[in-house]
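Observations on the three-dimensional arrangement
Here is what each chain is made of, one letter per residue.
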Amino acid sequence: MFDAKYEHANFPRVRPEWLAQVAEPAVEPELPIIDPHHHLWDVESAFYHAPELVADVNAGHRVLATVFVECKAHFDSDAPAGFEPVGETRFAVAQAQAAAQLPQGNAGLVKGIVAYGDPFVPNPQGVLEAHLEDGQGRMRGVRVRAAWHADPAFAAPHGGADEHLIASPELDRYCAILAEMGLVLDLWVYHTQLDQAAELARRHPRLAIVLNHCGGPLGIGPYADQRAAVREEWSRSLGRVAAHDNVAVKIGGLAMPRTGLSFADAAKPASCVELVERWTPYVRTCIELFGADRAMFESNFPVDKGSCNYVSVWNAFKLLSAGYPDAARRKMLAGTANRVYGLRVEALMAEGIA
């Protein structure tokens, strides 16, 4: 997992008693949702396994399926070099099976797996094939953690990315393999790296890329008092990424401490109205640039659970999308994730949501 210093700075403690201060009913509970970005791990301050996932997705919204995204959990220390992350894929499969057997659980939970992607292993295709085999039909792609910044406020975890990863020949080689295998690349960068992300997308037009967490706008450290300037730089660079039609964006992750938009230090958790007030310019910009066909809302739980409840997060997304046509809303809430990750959720197909 991550070192203690990184966990403390990046994962706000999940406090059930604190979260219980805000209990709001689900907005439009009939609307189908696919949550394309959540984690499962043993982090002490934010423990999250199948029972916690099942409780959240059954709190009021109609969550038909979810996608687990790597979080360096349960790596196999006994595996050959480079194959250690396959242990996390097996862990995710076991959690999916456990979730399906729990009361109120269902087979759609952890329907997709985005595994840990390491472009520097000596046999990347062999590792990907191992993920596919052990994923038992759930493996959809990998996430590459390219997020890096020189300021100590954004110190990477032990073994994390350096400034060269995003433009490295190793990553280009890896992207070519992913495209050939029909796998998705989830890409995590900060807003200061978006121009490099755009160049990566240009070099690999056949690769489906999913940009994580709105493209990583930063709001602490040197950016603490620069919110308007950051938004301007972020939106300009994000537009260059969106110009490449092989890139989709996950809209969420805005409650992480590094964004400067967290409610973790507030007297009580954020309501959906408070989330809407703080997130509106970021969400609307993402939708305007990518359109509903390439935008999907994400919970980023349990990381964002340090700021708000699961019901509040999805209420906020429903309110933020309320002014868009019904078909567009349904895509952003479920359809886009279903298509990009090839989940083929039958209930969505029956309702005509691709």
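Here goes a summary of the coordinates provided. As the structure is a computational prediction, the values presented were derived from the model and not from experiment. (Residues numbered from 1 in each chain as written. Predicted model: local features only at pLDDT ≥ 70, side-chain atom pairs only at ≥ 80, totals over all residues. Heavy atoms only, no water.)

1. Some thoughts on the pairing of strand E1 (residues 32-38)
Of all 7 residues in E1, 7 are buried, a share of seventy percent or more. Examined bridge by bridge, E1 and strand E2 (residues 62-69) share 5 bridges and lie parallel to one another. Looking at E2, one finds that His-38 is bridged to Phe-68. Regarding the hand of the β-α-β motif, the stretch spanning E1, helix H3 (residues 50-57) and E2 is right-handed. (Buried < 20%, exposed > 50% of the residue type's maximum accessible area, 1.4 Å probe, protein only. Helix = DSSP H or I, 4+ residues; strand = E, 2+ residues; numbered from the N terminus. Pairing = 2+ DSSP bridges. Right-handed = clockwise from strand over helix to strand, strands pointing away.)

2. So, helix H8 (residues 227-242)
Given a rise of 1.5 Å per residue, 16 residues ought to cover 22 Å, and the 21 Å separating the end C-alpha atoms of H8 matches this to within 8%. Looking only at H8, the buried set comprises Val-230, Trp-234, Ser-237, Leu-238, Val-241 and Ala-242. The arc enclosing the buried residues of H8, seen along the axis, measures out at 145°, which places them on a common side. Those residues of H8 that are exposed and aimed more than 90 degrees away from the buried face are Ala-228 and Glu-232. In this fold, the buried residues of H8 make contact with helix H7 (194-203), strand E6 (209-211), strand E7 (247-251) and helix H9 (272-290). (Expected span 1.5 Å × (residues − 1). Arc of directions from axis to C-beta. Contact = heavy atoms within 4.5 Å.)

3. A word on the pairing of E2
Taking burial as the measure, the 8 residues of E2 include 7 buried ones, the bulk of the element. Relative to strand E3 (residues 112-116), E2 runs parallel, the two sharing 3 bridges. The residue of E3 that forms the bridge with Val-69 is Val-114.

4. Considerations on the sheet that holds E3
Taken in spatial order, the 8 strands make up an open sheet running E1-E2-E3-E4-E5-E6-E7-E8, and their pairing is parallel. Among the strands making up the open sheet, the edge pair consists of E1 and strand E8 (295-297). The mean angle between the axes of side-by-side strands here comes to 25°, regardless of whether they run parallel or antiparallel. Relative to E8, E7 is paired through 3 bridges, and the arrangement is parallel. Looking across to E8, one finds that Lys-250 is bridged to Met-296. Contacts from H9 reach E7 and E8, with the element oriented near 160° to E7. (Axes fitted to C-alpha atoms, helices over the stretch in contact; angles between N-to-C directions.)

5. Details of the packing of aromatic side chains
Counting across every chain of the model gives 9 aromatic pairs. Ring centres of Phe-297 and Phe-317 lie 4.6 Å apart, and the angle between their planes is 10°; this geometry places the pair in the stacked category. You can see Phe-297 sitting in strand E8 and its partner Phe-317 sitting in helix H10 (residues 310-320), a full 20 residues away along the chain. An identical accessibility class is assigned to Phe-297 and Phe-317; each is buried. Judged by centre distance (5.1 Å) and plane angle (80°), the ring pair of Phe-301 and Tyr-310 falls under edge-to-face. Sitting over the face of the ring of Trp-18, Arg-15 holds its NZ or CZ atom 3.9 Å from the ring centroid. The ring of Phe-263 is capped by Arg-278, whose NZ or CZ atom sits 3.8 Å from the centre of that ring. (Phe/Tyr/Trp six-rings, centres within 6.5 Å; stacked < 30°, edge-to-face > 60°. Lys NZ or Arg CZ within 6 Å of the ring centre and 35° of its normal.)

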